[in-house]
Amino acid sequence: MPCTQHDFKQGQTFSGVATYTTEPGWPTNLTGVTIYSALLDPRGKKHYFTVTLDTPTQFTMFYENTQDWNPGTCYIDIQFSIGGTTFYSETVRLNVIANVTPNPVPDTVSN
């Protein structure tokens, strides 16, 4: 199965809404399921998302300021755990594009 790839500009707030689709042997919805997700950047650093369950089949992954994400090809997957069983989503590639003007802009910058 091909790995989906998306572009993302470094320094922005990341907020992604995901819809859960069950697979054979998986729970019918996310009630009682613990969800973790992280981005692995090109330097091997993991950046963990805040995950919020919105409905029994939908959740939001959030990261405030992505300035600390290293540019290049990054990888994201989602871990679901319930009752001692763990299962994973497919892996998604995220091409993080360098942010030339950092966020936040230093106080020393003048016009």
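Just above, that's the structure.
Report on the accompanying structure.

Definitions and cut-offs
- Residues numbered from 1 in each chain as written.
- Predicted model: local features only at pLDDT ≥ 70, side-chain atom pairs only at ≥ 80, totals over all residues.
- Heavy atoms only, no water.
- Helix = DSSP H or I, 4+ residues; strand = E, 2+ residues; numbered from the N terminus.
- Buried < 20%, exposed > 50% of the residue type's maximum accessible area, 1.4 Å probe, protein only.
- Contact = heavy atoms within 4.5 Å.
- Areas by Shrake-Rupley, 256 points an atom, 1.4 Å probe, with all protein chains shown as cover.
- Phe/Tyr/Trp six-rings, centres within 6.5 Å; stacked < 30°, edge-to-face > 60°.
- Polar contact = N/O pair within 3.5 Å; in protein donor to acceptor, adjacent residues only side chain to side chain.
- Pairing = 2+ DSSP bridges.
- Axes fitted to C-alpha atoms, helices over the stretch in contact; angles between N-to-C directions.

**Some thoughts on the overall build of the chain**
- In terms of helices and strands, the chain carries 0 helices and 9 strands.
- Mapped from its N terminus to its C terminus, the chain presents α and β elements in the order β-β-β-β-β-β-β-β-β.
- With 111 residues in all, the chain has 30% of them scored as buried.
- A sequence separation of at least 24 residues applies to 64% of the contacts in the chain between residues at least 6 apart.
- By element, 52% of the accessible surface of the chain is carried by carbon and sulfur atoms, the whole surface being about 7000 Å².

**Overview of the packing of aromatic side chains**
- Under the criterion given, the structure shown has 13 aromatic pairs.
- When the ring of Phe8 is compared with that of Trp69, the centres are 5.6 Å apart and the planes differ by 45°; the resulting orientation is tilted. Pair noted here: Phe8 is in strand β1 (residues 5–9) and Trp69 is in the loop between β6 (58–63) and β7 (72–82), with a separation of 61 residues, a long-range link. With respect to burial, Phe8 and Trp69 carry one shared label: buried.
- Summarising the aromatic geometry, the rings of Phe49 and Trp69 are spaced 6.0 Å apart at their centres and angled 85° between planes, so their arrangement reads as edge-to-face. On the criterion of sequence distance, the pair formed by Phe49 in the loop between β4 (46–48) and β5 (50–55) and Trp69 in the loop between β6 and β7 is long-range, its members being 20 residues apart.

**Digging into the side chain of Ser81**
- Turning to its location among the elements, Ser81 is positioned in strand β7.
- A polar side-chain atom of Ser81 sits 3.3 Å from a polar atom in the side chain of Thr86.
- If we ignore the near neighbours within four places in the chain, the residues touching Ser81 are Gly32, Val33, Thr34 and Thr86.

**Comments concerning the sheet that holds strand β2 (residues 14–19)**
- Strand order in the open sheet made by the 3 strands is β2-β6-β5, with antiparallel pairing throughout. In the strand order of this sheet, the two ends are held by β2 and β5, each with one partner. Neighbour-to-neighbour, the strand axes of the sheet open up by a mean angle of 20°, direction not taken into account.
- Sheet analysis places β2 next to β6, joined by 6 bridges and oriented antiparallel. Residue pairing in the sheet places Gly16 in a bridge with Met61 of β6.

Worth remembering: the numbers are spatial, not functional.
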